[in-house]
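Listed below, chain by chain, are the residues.
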Amino acid sequence: MEDLSFLVKEGAEISVRVTPKASRNAVVMKDGQIRVYVTVVPEGGKANAAVQKLLANTLGIAKSRLRLIRGDTARDKVFRVLGG
């Protein structure tokens with residue numbers, strides 16, 4: 001997994017591209033873009049929850065400090081880092 005701890009600043013917005021139904025869970029930095037691969041299917045918010053948990057784990061913060069602000073049903077999502 002990538003070390004993305006440098007992105008953890010209160011109020012920072014983190015853009016990611018999500019691939020659901022992947023063969024494994026992973027967070028990868030590719031060409032300056034963060035790609036998140038999750039094994040769950042994109043229904044009922046399951047993929048969003050998995051992305052939030054995996055991204056928070058990679059950033060080294062609690063998942064409650066990440067809020068999805070754009071892209072609820074899209075592959076391109078934006079999360080905001082909240083104060084903690």
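This write-up is about the structure you can find in this document. This structure is a prediction, so every number in the text was calculated from the model and none was measured.

As for the pairing of strand E1 (residues 13–19)
Remember that side chains alternate between the two faces of the sheet whenever the strand is regular. The two faces of E1 differ: Ile-14, Val-16 and Val-18 on one face are buried, but Glu-13, Ser-15, Arg-17 and Thr-19 on the other face are not. One ladder, built from 5 bridges, connects E1 with strand E5 (residues 76–81); its direction is antiparallel. Looking at E5, one finds that Arg-17 is bridged to Asp-76. Looking at chain direction, E1 and strand E3 (residues 33–37) are connected through 4 bridges and run parallel.

With respect to the environment of Val-81
Within the fold, Val-81 resides in strand E5. Accessibility expressed as a relative area gives 1% for Val-81, which makes it buried. When the C-alpha atoms of Val-81 and Arg-65 are compared, they prove to be 5.7 Å apart, with 16 residues separating the residues in sequence. In this structure Val-81 touches Leu-7, Val-8, Lys-9, Glu-10, Gly-11, Ala-12, Ile-14, Ile-61, Arg-65 and Leu-66, once residues within four positions along its chain are discounted.

A few points about the sheet that holds E3
Within the open sheet, the 5 strands sit side by side as E2-E3-E1-E5-E4. Their pairing is mixed. What marks the edges here is a single partner per strand, and that holds for strand E2 (26–30) and strand E4 (66–70). Strand-to-strand, the axes of this sheet are offset by a mean angle of 35°, without reference to chain direction. Across the sheet, helix H1 (residues 46–59) touches E1, E2, E3, E4 and E5, and the angle it forms with E4 is around 130°.

What counts, and where the lines are drawn
Residues numbered from 1 in each chain as written. Predicted model: local features only at pLDDT ≥ 70, side-chain atom pairs only at ≥ 80, totals over all residues. Heavy atoms only, no water. Buried < 20%, exposed > 50% of the residue type's maximum accessible area, 1.4 Å probe, protein only. Helix = DSSP H or I, 4+ residues; strand = E, 2+ residues; numbered from the N terminus. Pairing = 2+ DSSP bridges. Contact = heavy atoms within 4.5 Å. Axes fitted to C-alpha atoms, helices over the stretch in contact; angles between N-to-C directions.

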